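# Examination of the molecular architecture
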Amino acid sequence: MSDDQVLTGPGTQTRRALLAGAGAVGASVLLSACGGDDSGDGATPATSGGPGATAGDAEGGDREGSSSLATTGDIPVGGGQVYAAQGVVITQPEPGQFKGFDPICTHQGCPVSNVDGGTINCTCHNSKFSITDGSVKQGPATKPLAPKALKVQGDQISLA
């Protein structure tokens, strides 16, 4: 009997049918895990730091379909958010002052992981960068993070 033949009767399956079913279950588990805490804007902040840090759209607004990455309320004063999928770290060093930086560490190309304690942090080798200008606060990195131009319109932040 070949794998293409289907046996009849209770409890009988071919290897191919069994593997196909197992693959479908695995794919559905993977897809449901990927759909977790999506705020609906396509942005997935890695972590944030500073007081009043929030993830997603704290005001409950809908940014779906817009080019906005975040709202001004998403970015805590003295902290920031990493938007790795969008290729930017957004910080707010002073109230109303928003800065954008490349999310790739200049040491060995690891993505930065979070913004905490006034620095953008790469946990690969513990480099730390200033939230104000991207300069190196702690090595082994020796070059600052490249700036990214932002546009703030009302309470919406996007890449310029």
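Since the structure is predicted, the reported quantities are computational estimates derived from the model, not experimental observations. (Residues numbered from 1 in each chain as written. Predicted model: local features only at pLDDT ≥ 70, side-chain atom pairs only at ≥ 80, totals over all residues. Heavy atoms only, no water.)

A few words now on the overall build of the protein chain. Across its full length, the protein chain carries one helix and twelve strands. Ordering the α and β elements of the protein chain from the N terminus gives α-β-β-β-β-β-β-β-β-β-β-β-β. Here the protein chain, with 160 residues, has 31% of them falling under the buried criterion. Here the protein chain has roughly 9000 Å² of accessible surface; of this, 54% comes from carbon and sulfur atoms. (Helix = DSSP H or I, 4+ residues; strand = E, 2+ residues; numbered from the N terminus. Buried < 20%, exposed > 50% of the residue type's maximum accessible area, 1.4 Å probe, protein only. Areas by Shrake-Rupley, 256 points an atom, 1.4 Å probe, with all protein chains shown as cover.)

Secondary-structure assignment places Ser127 in strand S8 (residues 127-130). Take Ser127: its relative accessible area is 1%, and that puts it in the buried class. In this structure, Ser127 is in contact with Cys105, His107, Ile120, Asn121, Cys122, Gln138, Gly139, Pro140 and Ala141, ignoring residues within four places of it in sequence. (Contact = heavy atoms within 4.5 Å.)

Turning to the environment of Ala149, a few remarks are in order. Structurally, the position occupied by Ala149 is in the loop between strand S10 (147-148) and strand S11 (150-153). Residues Ala149 and Phe101 lie 48 residues apart in sequence; the distance between their C-alpha atoms is 8.0 Å. Contact partners of Ala149, with chain neighbours within four places excluded, come to Ser158, Leu159 and Ala160.

Turning next to the state of the cysteines. Two cysteines form a disulfide when their sulfur atoms are joined by a covalent bond. Summed over all chains, the structure comprises one disulfide. The disulfide partner of Cys110 is Cys124, and the S-S distance across this bridge is 2.3 Å. Disulfide Cys110 to Cys124: torsion about the S-S bond roughly -105 degrees, handedness left-handed. One end of the pair, Cys110, is in the loop between strand S5 (97-101) and strand S6 (114-116); the other, Cys124, is in the loop between strand S7 (119-122) and S8, and 14 residues separate them in sequence. (Disulfide = S-S within 2.5 Å.)

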